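Structure assessment
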Amino acid sequence: MKLWGSRMEKDLDAEVFSFSTSIGDDYLLYPYDIWGSIAHCLGLARAGLLSEDEKNRLVSGLREVYRDLEDGRIDPSPFEDVHSLVEIALRERVGEVAGKLHTGRSRNDQVVLDERLYLREKVAECIEGVLALESALLRRAEEYRDIVMPGFTHLQPAQPVLFSYHLLAYFFMLQRDIERLKEALRRVNVSPLGSAALCGTSLPLDRFFVAELLAFPRVQDHAMDAVSDRDFILDVLHALAVLALHLSRFGEEVVLWSTPFFSFLTIDDAFTTGSSIMPQKKNPDVAELIRGKAGEILSSWVSLAVTLKGLPLSYNRDLQQDKRPLFRAVNEGLGVVVIATRLVNHVFPQPERMRRALEEGFLTATDLCEYLVTRGLPFRKAHELVGRVVRKLIGEGRTLKDLVPEDFGEWAHLFDEGVQMVVLEERSVARKSTFGSTAPGEVLRMCAEGRAYVEKEQEEIAGLKKEWQKSFRELVGEKRR
Ligand code: ARG
């Protein structure tokens, strides 16, 4: 069933209909389509294009369509798309007056309106999810505040760091993700309604009035741009892709650290899987899937970008293909954030294994250089000396803790009890003094500021959601189910 046809001499070919229909993808937009349609009705009435009675009949008809859809009383399959479904279902309920609904509106502005209403909620949900993940990281960082572990570069032991400090690196990556999502949300949260097909309408519609009804703080400036634009989706997909890349690095570290060769972490049995052939196996599939999701989300960005490339203005049917990558990335993104949060709460650090790795790795060699610098040696000289000493110790099967003055050769006079202190890993961490370092005081500061940040952002999102819920309740007459 469709909203057009009188222009053609023939009926649409059945196979072409099923090739071109989008109902299977856009059906889930119906709450937004109805919400936007009711706002449009109020706009038409305000413009004098609907009588009070017509407006009331349309609004209550649309509300009835919403309830019938919610209760599964409408079969969506015969419709071309969600917009046709809503209008035709309305006509079945209120009769001919339904023909006035599409006055001054096109599916071209309608579809982007639906997508924007949908997407702003989903982005908000995603931000809430990322904040919950940040909170989980902070909790674990506080809980395991004092565990010292090797920090890596090139995946080779580098310098001692606090385990909590390593966790906090993810906190800051996620903070940037939130900033990106908020920026995307700002661009999503703009009303295209009233753009009509591509260049506005001669009818006296007040675009700012309907935007306010729908709790949009802004109206799109240019009608043709508004119906052609899918950048707002691309922005969200970009933010989701970077988030997924971050989570993939987390997944990889859990995989790596839980291998018997590292054993820095154990994973709760409930978050691991077995093998159908090798009975001894305990596999980190959850972390692997978290690592794997990035591919799917990134490919959604690529899919939409390729659809947009070279597309002439304004609306083209190619744009219908924005929905699959959009819904896929949103669903996968929301899902992976929730599971990553739960995984954070189901991994357990193994401090003894970390300690053993620390002792084998000469991780305080840089501290020794810095100590020698404080004793007046130029850094390059100190570096050269300590490198030589490490080579000697490796050859003799000793560690930095076995150092004796003779190991320093001509610089033996610089050797004192200070040396024995600087090579201790806990001391190394405690001695760091720069902003953003792994010093325990810095970790504490980051945790405290992190908590305040999460709370502030949670409040902001809750405020936005409340505004949107209020608009929905006022227009659709009930809470979104
Ligand atoms: N189903 C279409 C889409 O998702 C709706 C807009 C159709 N507009 C049109 N002029 N054919 O893009």
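The present account deals with the structure reproduced in this document. Bear in mind that the values here come from a model prediction, so they are computed numbers and not experimental data.

Quick word on the overall build of the protein
Along the backbone of the protein there are 18 helices and six strands. Taking 23 Å as the expected radius of gyration for a compact globule of 481 residues, we find that the protein reaches 30 Å, considerably beyond that expectation. For the protein, the C-alpha atoms occupy an extent of roughly 100 × 50 × 40 Å along the three principal directions. When contacts within the protein are restricted to residue pairs at least 6 apart in sequence, those whose partners lie at least 24 apart make up 79%. Accessible surface, the protein as shown: approximately 22,900 Å² in total, 54% of it carbon and sulfur. Both charge centroids of the protein, one from 63 positive and one from 74 negative side chains, sit 1 Å from each other.

A short note on the site of the ligand
Taken together, Ser22, Asp26, Asp81, His83, Arg107, Asn108, Val111, Tyr315, Gln320 and Lys323 make up the full set of residues near the ligand. Measuring from a nitrogen atom of the ligand, one finds a side-chain N or O atom of aspartate 81 at 3.0 Å. Lysine 323 has a polar side-chain atom sitting 2.5 Å from an oxygen atom of the ligand. No other element matches helix H6 (residues 107–143), which puts three residues into the shell around the ligand. Here the residues of the shell around the ligand sort into two nonpolar, four polar and four charged.

Some words on the layout of surface pockets
Estimates place the volume of the largest pocket at around 420 Å³. As for the largest pocket, its lining consists of 16 residues, and the residues nearest its centre are Phe152, His166, Tyr170, Arg249 and Glu253. Contributing elements (two or more residues each) for the lining of the largest pocket: strand S1 (148–153), strand S2 (156–162), helix H7 (163–188) and helix H10 (231–257). Considered as a void within the structure, the second largest pocket measures approximately 360 Å³ in volume. Contributing to the lining of the second largest pocket are 15 residues, with Phe19, Thr21, Asp25, Gln320 and Gln321 lying nearest its centre. Counting only elements with at least two residues in the lining of the second largest pocket, the list comes to helix H1 (14–20), helix H2 (23–26), helix H11 (285–308) and helix H12 (323–344). Ranked by the residues each element gives to the lining of the second largest pocket, the list is headed by H2, at three residues. In the lining of the second largest pocket, the residues fall into three nonpolar, eight polar and four charged.

What to know about the environment of arginine 73
Structurally, arginine 73 can be placed in the loop between helix H4 (52–70) and helix H5 (82–94). Judged by its relative accessible area of 53%, arginine 73 falls in the exposed class. For the pair arginine 73 and phenylalanine 208, spaced 135 residues apart in sequence, the C-alpha to C-alpha distance is 35 Å. Residue contacts for arginine 73: discarding those within four places in its chain leaves Arg67 and Asp68. Reaching out from arginine 73, the side chain makes a polar contact with the side chain of aspartate 68 at a distance of 2.7 Å. One polar contact links arginine 73 to aspartate 71, side chain to side chain, over a distance of 3.2 Å.

Thoughts on the nonpolar core
Counting residues in each nonpolar core, the largest one holds 126 residues, and the members touching the most others are Ile34, Trp35, Leu119, Phe163, Leu240, Leu247 and Leu343. When near neighbours in sequence (up to four residues on either side) are disregarded, phenylalanine 163 contacts Tyr144, Ile147, Met149, Trp257, Leu265, Pro349 and Met354. With 22 residues, the next largest nonpolar core counts Cys369, Leu372, Ala382 and Leu403 among its residues.

Side note on the packing of aromatic side chains
Applying the stated criterion to the full structure yields 16 aromatic pairs. Measuring from centroid to centroid gives 5.2 Å for tyrosine 27 and tyrosine 30, while their planes differ by 45°, and the two rings are tilted. An aromatic cluster of at least three residues, connected via ring pairs, comprises Tyr27, Tyr30, Tyr32, Trp35, Tyr66, Tyr118, Phe327 and Phe472. Above the plane of the ring of phenylalanine 209 lies arginine 46, whose end atom (NZ or CZ) is 4.2 Å from the centre. Lying across the ring of phenylalanine 232, arginine 116 places its NZ or CZ 3.8 Å from the centre.

Comments concerning the side chain of aspartate 68
Here aspartate 68 shows up in helix H4. Taking relative accessible area as the criterion, aspartate 68 reaches 10% and is therefore assigned buried. If near-sequence neighbours (up to four positions away) are discounted, aspartate 68 is found in contact with Arg73, Ile74 and Arg93.

Describing empty space enclosed by the protein
Left-over empty space is what a probe sized like a water molecule reveals as it rolls over the atoms. Taken as a whole and assessed by the stated rule, the structure comprises four cavities of 30 Å³ or more. Approximately 120 Å³ is the volume found for the largest cavity. Around the largest cavity, the lining comprises 14 residues; the ones closest to its centre are Phe163, Leu167, Phe250, Leu265 and Val347. For the lining of the largest cavity, the elements supplying multiple residues, two or more each, are H7, H10 and strand S6 (347–349). Looking at the lining of the largest cavity residue by residue, the classes come out as eleven nonpolar, one polar and two charged.

Some details on the packing of H6 against H10
Here H6 crosses H10 at 20°, and the two axes come no closer than 11 Å. As summarised for this structure, H6 and H10 are arranged roughly parallel, according to the angle between their axes. Read as a crossing pair, H6 and H10 show a hand that is left-handed. Each of Val112, Glu115, Arg116, Leu119, Val123, Cys126, Val130 and Leu133 in H6 lies in contact with H10, whose residues at this interface are Phe232, Ile233, Val236, Leu240, Leu243 and Leu247. Taken together, the residues of the contact of H6 with H10 break down into twelve nonpolar, no polar and two charged.

Some remarks on the pairing of S1
Both S1 and S2 contribute to a ladder of six bridges, which runs antiparallel. Residue phenylalanine 152 lies in a different strand from S2, and its bridge partner there is proline 157.

Calculation rules
- Residues numbered from 1 in each chain as written.
- Predicted model: local features only at pLDDT ≥ 70, side-chain atom pairs only at ≥ 80, totals over all residues.
- Heavy atoms only, no water.
- Helix = DSSP H or I, 4+ residues; strand = E, 2+ residues; numbered from the N terminus.
- Rg over C-alpha atoms; globule rule 2.2 N^0.38 Å.
- Contact = heavy atoms within 4.5 Å.
- Areas by Shrake-Rupley, 256 points an atom, 1.4 Å probe, with all protein chains shown as cover.
- Lys, Arg positive; Asp, Glu negative; His and termini not counted.
- Charge placed at Lys NZ, Arg CZ, Asp CG, Glu CD.
- Near = heavy atom within 4 Å.
- Polar contact = N/O pair within 3.5 Å; in protein donor to acceptor, adjacent residues only side chain to side chain.
- Nonpolar A, V, L, I, M, F, W, Y, C, P; charged D, E, K, R; others polar.
- 1 Å grid on protein atoms, 1.4 Å probe; cavity = no way out; pocket = protein on both sides within 12 Å on 5 of 7 lines; lining within 4 Å.
- Points joined across faces, edges and corners; volume = space filled by probe spheres on them.
- Buried < 20%, exposed > 50% of the residue type's maximum accessible area, 1.4 Å probe, protein only.
- Core = buried A, V, L, I, M, F, W, Y, C linked by side-chain atoms within 4.5 Å.
- Phe/Tyr/Trp six-rings, centres within 6.5 Å; stacked < 30°, edge-to-face > 60°.
- Lys NZ or Arg CZ within 6 Å of the ring centre and 35° of its normal.
- Axes fitted to C-alpha atoms, helices over the stretch in contact; angles between N-to-C directions.
- Parallel < 35°, antiparallel > 145°, perpendicular 65-115°, else oblique.
- Left-handed = near helix turned anticlockwise from the far one by under 90°.
- Pairing = 2+ DSSP bridges.

None of the figures reported here should be taken as evidence of function without further support.
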